[in-house]
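The primary structure of each chain is shown beneath.
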2 protein chains.
Amino acid sequence: MNGLKVVGIVLGAAVILAIGLLIGHFGIPRDPKWVKELAQDLDEKFINQFMNEVDNKRIEDNLRILSNKPHYATSAGDEELVQLMLSRWKDPEFGLDDARDERYHVFLSFPDAANPNTVKVLTQNGSNPFTAELTEEKLTDDQKDPDILQPFLAFAPNGSVQGKLVFANEGKVSDFEYLAKLIDLNGTIAIVRYGGTGRVNKAINAAKFGVIGVIIYTDPKDINDGKSNASDTYPNSWYLPPSGVERGSFKENFGDQLTPYYPAKEFTYRIPESEIKGISHIPAQPIGFADARQLICELNGAQAPDNWQGSLGCTYNIGPGFKQNRFDNSDFVQVNVYNKRIIKPSSNVMGIIRGAVEPDRYVLYGNHRDSWVHGAIDPSSGTAVMLEITRVLGTKLKQGKWRPRRSIIFGSWGAEEFGLIGSTEFAEEYYSKLRDRTVAYINVDISVFANATLRVQGTPPAQSVVFTASKQVKTPSNSLTVYDNWKNHSNRTSPQYGVIPQIGSLGVGSDFAPFIHYLGITCMDIAYTYDRRVTSARIYPAYHTAFDTFNYTAKYIDPGFFSHQTVARTAGNVLLRLSDSLILPLGVKDYVETLEGYYSRAESFQTNLSKYNISLEPLKTEINRYKRAAEDLEEKIKNLKKSDKSPYNIRRINDQLMLLERAFINHLAFPDKLYFSHVLWASRSSSVATFPGLADAYQTAVESNLKQHWDLVHHHLTIAIQAVSNAASTLEDVTKI
Amino acid sequence: MNGLKVVGIVLGAAVILAIGLLIGHFGIPRDPKWVKELAQDLDEKFINQFMNEVDNKRIEDNLRILSNKPHYATSAGDEELVQLMLSRWKDPEFGLDDARDERYHVFLSFPDAANPNTVKVLTQNGSNPFTAELTEEKLTDDQKDPDILQPFLAFAPNGSVQGKLVFANEGKVSDFEYLAKLIDLNGTIAIVRYGGTGRVNKAINAAKFGVIGVIIYTDPKDINDGKSNASDTYPNSWYLPPSGVERGSFKENFGDQLTPYYPAKEFTYRIPESEIKGISHIPAQPIGFADARQLICELNGAQAPDNWQGSLGCTYNIGPGFKQNRFDNSDFVQVNVYNKRIIKPSSNVMGIIRGAVEPDRYVLYGNHRDSWVHGAIDPSSGTAVMLEITRVLGTKLKQGKWRPRRSIIFGSWGAEEFGLIGSTEFAEEYYSKLRDRTVAYINVDISVFANATLRVQGTPPAQSVVFTASKQVKTPSNSLTVYDNWKNHSNRTSPQYGVIPQIGSLGVGSDFAPFIHYLGITCMDIAYTYDRRVTSARIYPAYHTAFDTFNYTAKYIDPGFFSHQTVARTAGNVLLRLSDSLILPLGVKDYVETLEGYYSRAESFQTNLSKYNISLEPLKTEINRYKRAAEDLEEKIKNLKKSDKSPYNIRRINDQLMLLERAFINHLAFPDKLYFSHVLWASRSSSVATFPGLADAYQTAVESNLKQHWDLVHHHLTIAIQAVSNAASTLEDVTKI
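Residues numbered from 1 in each chain as written. Chains lettered and ligands numbered in written order. Predicted model: local features only at pLDDT ≥ 70, side-chain atom pairs only at ≥ 80, totals over all residues. Heavy atoms only, no water.

**As for the sheet that holds strand E15 (residues 438-443) of chain A**
Strand pairing in a sheet relies on backbone hydrogen bonds, with the paired strands running either antiparallel or parallel.
Residues and elements named next belong to chain A.
So, step 1. The strand order across the open sheet built from 7 strands is E1-E12-E14-E13-E15-E19-E16, with neighbouring strands paired in mixed fashion. Each edge of the sheet is formed by a strand with only one pairing partner; in this case those strands are strand E1 (98-110) and strand E16 (453-458). Going across the sheet, the axis of each strand differs from the next one's by a mean of 20°, ignoring polarity.
So, step 2. Where E15 lies against strand E19 (residues 523-529), 3 bridges are found, and the strand directions are parallel. Paired with Asn443 across the strands is Asp525, a residue of E19. (Pairing = 2+ DSSP bridges. Helix = DSSP H or I, 4+ residues; strand = E, 2+ residues; numbered from the N terminus. Axes fitted to C-alpha atoms, helices over the stretch in contact; angles between N-to-C directions.)

Structure representation (structure tokens):
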């Protein structure tokens, strides 16, 4: 080989090596392992797989077990379900990463089995021509269970009171005002029907008019579309049998009443019972409409107004007292309440799936576990769905086929029926980390009220993810998507989107309340519900009665459990989008319609406000600022390039989205409203749907016209402006001063 | 060439190519650009460079300009400094990324130049043998400035009151209790010296004993190490001249008094002045000790106790009234106050450096801008330091040589002297984003009280970063590090570290107050201070007088400005560690000593608590839990491998560190204490240094022995337990339930 050749070979080899180096360095992808992992985004295929695997039969099986026995909070049945949840969530084949139960010592109220509550008619000579039934009729084996609690109102105060009976319609203030103009209410017992106002408010209102005891019943007009004959009711239809009685909690505020703002540990300070606010101070007891008929149809006095008349098959008079017929006009009605108040340990069962990339971001999903009786619909229809969701996801997890980007926390709350106690204690105990880390809370309590359409309550940032999910699920009953079917049943015209399904606002009706009102976490409540063209029932008829059973559900609410399956698919889809999406699917721009709606309704206040030099303009300015900030952020998200998707950019944007709802929280805004801290969604008495503090203060000021009340209006306007300002700040460019 | 040879060459080429590919792929580092950027960590070389470039002469120049004119809040001098700050921070050569001023309409109080406040002696026949000086003596040109405010107490109520004079020592409750046993205080005027209790508390205490007016003076014993002759005082020494008068704010609460919790915008609701809490309702006026001597040395009555005696060169009697000497025994002292209350716009000037990696994490650094007179030391010594820090950093920034990992926000606060108003309004306006994003707040108000040693106040998480920085700076006066010199001057024995410098706790003395007490942001206040072996002066003698000038500073406080330079180096070093470190240098384990100290002091309560079945054990349990969580987290940080340093891991850990302080915040814990929300650091009346709510409730309960007060003790114990639980939760593994 000559030198030239050697040079040639060496040169050639060098060129080849260089080509190799170049290709090796630039041509073959080689990000650090974590770079790829951190970009983990939603997998639509996995969502489809999840939805396909959600099994209606397994939901049915779950429900059968869950509703097998009465399982009111802290009962033996409840404790058995605690163990069931734990064993499911710890199962090595389909369980979660971790599960445990957490006990709180909570203040409850139960009827005394040895000394049942009664509603009686007594004559002057002491005889007793009528006593309301102590139990519901044993129409199926379910009603024969010895663990069934006598119908009662939890926390209704004890006492034995007697007086002339009056009929007070729904027990609203306006109802008693009407009666008080016609008759003397002092010392009377009022019988009222469910509906129109909160359960306990009927008694609180009554007491203000001198009424000394309250009887509550369910009118067939309100619950049974007018049907009251046994042949038309369960087990012959979904309607409430004449003996059915709605139980319920008899207090205004949620959470353990003795430990407001702090978890009810054994060592926690408890306020004296005398300091509990928002409860009745007169005895009250619920009865079925068969018994109510025997009282109301015998009432003396003027005929009640047309819109007070119900479906008991007689004309409703207002009383006081009975006409001379079955009873004597001098007969009294006596209400005897012997409830026992007790502090007992109640469990939340918590289940965790650790996030792969952002374990310190939590998506919460929960439902309560406790019922009033068998609670097939309330709450087990939701729990049956939750267990099916965790089974499918747990299986994938244990198989190593999936791990969410963020952590998922499942909660099976205790003692919800006594006032959202388990969820509230949880929110109190883990206040700091939930506040700082929670992306959203999904509540599925009663999953199927009826099988007509999806029904969602939530705050605006939840709207888009629910819409997206509901477009991917078919209804069980027709060929429409859940979204389109929903839009057909309940819609509104959005200035931005045109006709869209209506999302309701969140009150305090289930365990989302502490999360939205106290912690400021974006919440949604998902269920299937009625066709309002078919029934006007206030709620499904067996609600809180001994007839809310597996058979009732399987026969009348959701035969085949396809609506349950649909809810599981929809809620699970939402859950996965929240846990797995690179960018959180929270639509912060969707708050603009709420804010602008609030503003336009508050404008009716401006004329009066101007008299006190109070202007709404600064509020408008902040709302416009919010709008710009939200639009800019969503635009930025839409145009994110791959190079913008570095972890800190993603996290920054997600923190803005997650913390937006928190910016509306002001723990000092409503000192008299327990837990209510969300400036947009706190409770409101005024009928004007605007900022609740502003609306209520305005109503008070208009009524009193006192300077101090107009000052309070101005104060609440300031609170509203600052809340919107905080929200805008959260969304604006983070380096803007 | 034969076939074999060709095969050989091809094979050889393939092998070389393969080697090239392998080396190219694995041998040459090639992370995506952002992977490297995101790992941006602290650069010790840059810190050294920064410290080297901090220039004492430039600080001196800054101070000369800043203290050139009186610049009390909203004055022409203050407005000029607003423009100065803006021009510095917007300078194209050495400015920041952005700067702007933000105005609030705040409630202030000024003396009326046309109708000055007076302190007089009046005889029965109306003659006036004595009137206190209206201004300080014109000892240098500085005191001749026409913009100097007459000495006064801001927010002291107006009125003209006269009565017999009494001497009430420091105006503490115990002082008045002592007097009230000996003499009738009703209708008297009390003269009290500064020290012992807060300025306004002297008058609030006095009024409770029937006193109708208060005169406050500075005793040479307390401020001048006993020196009271003009020849021994400024301009001949650093001591206060006999005519010097300490001005000050006369109210208990900080922030704009008319807009608590909301920024004082023009449209913000303002409470009626009658609802302001924590102010005096009797007139008060400060005077110099030359004037005080003329009053106190003439007092009649019993001799005051030994520890009430001061350095005015006479025996202090308690009064009431004068002895028959210079004045007549029947003479009265009259206090006339004509302050004007007014709402005026006051500016914060804000400067921003955007973070390169985590722009949504803020390190705050601030000082107030407003003085009482020229304010060379208070606050311009701090502002001079801040401007030098921003000059050095701004220059690097504009040269493209540096950009911090996190954003830095500088604040030049307005109206601090009137009660931390600018900083409080800022904290209120940006509540949400500051709460969610702020890493720490560094306050450098008076940067140099004296040139002996560093003095730091802060919460425990600030300790380690301050120690690290102070070990890297040399003292100006000797060969020691700032750390070692500090440890020589002020130290304590830590169970964990042995002898270390003492870090003081944060009260409400400067603009850190809203950040620590309301927002729960880790705060520190950094200054150079006295050698306590050399002086016992309560504070530097010219404090809040017309003698706090550039010449005073340059001649007596810090000749050569080396202590200023030392503070700038130390505070800037801390700032850079907080803004640039990959892992935040916040020592969460250092809270364990605080918590254990609190617990051991609370143990003295246990005997009494046991009578009410209240146990401290659950508190101990939570403190132990906190300790474990903090130790585990710090251990994890220490052992972080390179592969653990993915952005989300780093961010997760940093969020735990950042939000730890926030976990101690409870806005509902102290409903009667404006802004105080930090369960560990709220104000406390009890002398027991434990959880302030618990300590104060315990003291009340022991005194009253009422059930409701023992209930309050239990309530505050629950609050303490929950705060520690929240803190432990924040530090524990994020997927732990």
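**Some thoughts on a nonpolar patch on the surface**
Residues and elements named next belong to chain A.
So, step 1. A surface patch of nonpolar side chains, about 240 Å² in accessible area, is lined by Val15, Ile19 and Ile23.
So, step 2. Along the chain, the position of Val15 falls in helix H1 (residues 3-27).
So, step 3. Residue classification places Val15 among the partly exposed residues on the basis of a relative accessible area of 47%. (Patch = residues over 30% accessible without salt bridge, like charges linked within 9 Å, V, L, I, M, F, W, Y side chains within 5 Å. Areas by Shrake-Rupley, 256 points an atom, 1.4 Å probe, with all protein chains shown as cover. Salt bridge = Lys/Arg side-chain N within 4 Å of Asp/Glu carboxyl O. Buried < 20%, exposed > 50% of the residue type's maximum accessible area, 1.4 Å probe, protein only.)

**Quick word on the UniProt feature "domain: Peptidase M28" (unreviewed entry) in chain A**
So, step 1. According to UniProt, the "domain: Peptidase M28" (unreviewed entry) feature falls on residues 348-553 of chain A.
So, step 2. Each end of residues 348-553 of chain A is marked by a C-alpha atom, and these two atoms are 25 Å apart; helix forms 33% of the span and strand 25%. (UniProt positions renumbered as here; feature names shortened; annotations may be inferred.)

**Considering the side chain of Arg247(B)**
All names here are of chain B.
So, step 1. Inspection of the secondary structure assignment puts Arg247 in the loop between helix H8 (220-223) and strand E9 (248-249).
So, step 2. A polar atom in the side chain of Arg247 sits 2.7 Å from the side chain of Glu136.
So, step 3. At 3.2 Å, the side chain of Arg247 and the backbone oxygen of Val245 are in polar contact. (Polar contact = N/O pair within 3.5 Å; in protein donor to acceptor, adjacent residues only side chain to side chain.)

**Focus: the layout of surface pockets**
Residues and elements named next belong to chain A.
So, step 1. Considering only enclosed or pocket space, the second largest pocket measures out at about 500 Å³ in volume.
So, step 2. Together, 25 residues line the second largest pocket, and Ser464, Tyr497, Gly587, Asp590 and Glu634 are the ones closest to its centre.
So, step 3. Of all the elements in the fold, those that place two or more residues in the lining of the second largest pocket are helix H13 (463-471) and helix H20 (617-638).
So, step 4. When residues of the lining of the second largest pocket are assigned to their parent elements, the largest contribution, 6 residues, is made by H13.
So, step 5. Residues belonging to the lining of the second largest pocket are distributed by class as follows: 12 nonpolar, 6 polar and 7 charged. (1 Å grid on protein atoms, 1.4 Å probe; cavity = no way out; pocket = protein on both sides within 12 Å on 5 of 7 lines; lining within 4 Å. Points joined across faces, edges and corners; volume = space filled by probe spheres on them. Nonpolar A, V, L, I, M, F, W, Y, C, P; charged D, E, K, R; others polar.)

**Side note on the side chain of Glu428(B)**
So, step 1. Along the chain, the position of Glu428(B) falls in helix H11 (residues 421-429).
So, step 2. Buried charge without a salt bridge: Glu428(B), with Arg270(B) as the nearest opposite-charge side chain at an N-O distance of 9.4 Å.
So, step 3. Excluding anything up to four places from it in sequence, Glu428(B) contacts Gln722(A), Thr259(B), Pro260(B), Tyr261(B), Tyr262(B), Pro263(B), Tyr518(B) and Tyr675(B). (Lys, Arg positive; Asp, Glu negative; His and termini not counted. Contact = heavy atoms within 4.5 Å.)

**Some words on the environment of Arg58(B)**
Residues and elements named next belong to chain B.
So, step 1. Within the secondary structure layout, Arg58 lies in helix H4 (residues 56-66).
So, step 2. Placed 341 residues apart in sequence, Arg58 and Gln399 show a C-alpha to C-alpha distance of 20 Å.
So, step 3. Arg58 has contacts with Glu388 and Arg391, leaving out every residue within four places of it along the chain.

**Looking at unusual backbone geometry**
So, step 1. Here Gly319(B) and Pro320(B) are connected by a cis peptide whose omega angle stands at 0°.
So, step 2. Summarising the element assignment, Pro320(B) is placed in the loop between helix H9 (289-296) and strand E11 (332-337).
So, step 3. Across the junction of Asp378(B) and Pro379(B), the peptide omega takes the value 10°, indicating a cis bond.
So, step 4. The residue Pro379(B) is located in helix H10 (residues 376-398) in this model.
So, step 5. If you check the backbone angles, Asp225(A) has positive phi at about 50° while not being a glycine.
So, step 6. Along the polypeptide, Asp225(A) turns up in the loop between helix H8 (220-223) and strand E9 (248-249).
So, step 7. If you check the backbone angles, His544(A) has positive phi at about 65° while not being a glycine.

**Digging into the domain arrangement of chain A**
Note: interface size is frequently given as the accessible area lost on complex formation between the parts.
So, step 1. As far as domains go, chain A holds domain 1 (3-30), domain 2 (44-107 + 358-580), domain 3 (112-338) and domain 4 (588-731).
So, step 2. With centres defined by C-alpha atoms, the gap from domain 1 of chain A to domain 4 of chain A works out at 66 Å. (Domains from an automatic or database assignment.)

**Comments concerning the sheet that holds strand E2 (residues 118-122) of chain A**
Residue and element names in this part refer to chain A.
So, step 1. Strand order across the open sheet formed by 4 strands is E3-E2-E11-E5, with antiparallel pairing between neighbours. The sheet is open, and its two edges are formed by strand E3 (130-131) and strand E5 (159-163), each paired on a single side.
So, step 2. Here 2 bridges tie E2 to E3, and the two strands are oriented antiparallel to one another. Pairing of Val121 across the sheet is with Phe130, part of E3.

**Some thoughts on the environment of Met85(B)**
Residues and elements named next belong to chain B.
So, step 1. Mapped onto the secondary structure, Met85 falls in helix H5 (residues 76-89).
So, step 2. What makes Met85 buried here is its relative accessible area of 0%.
So, step 3. Excluding its chain neighbours within four sequence positions, the residues that come into contact with Met85 are Val349, Arg369, Thr383, Met386, Leu387 and Ser412.

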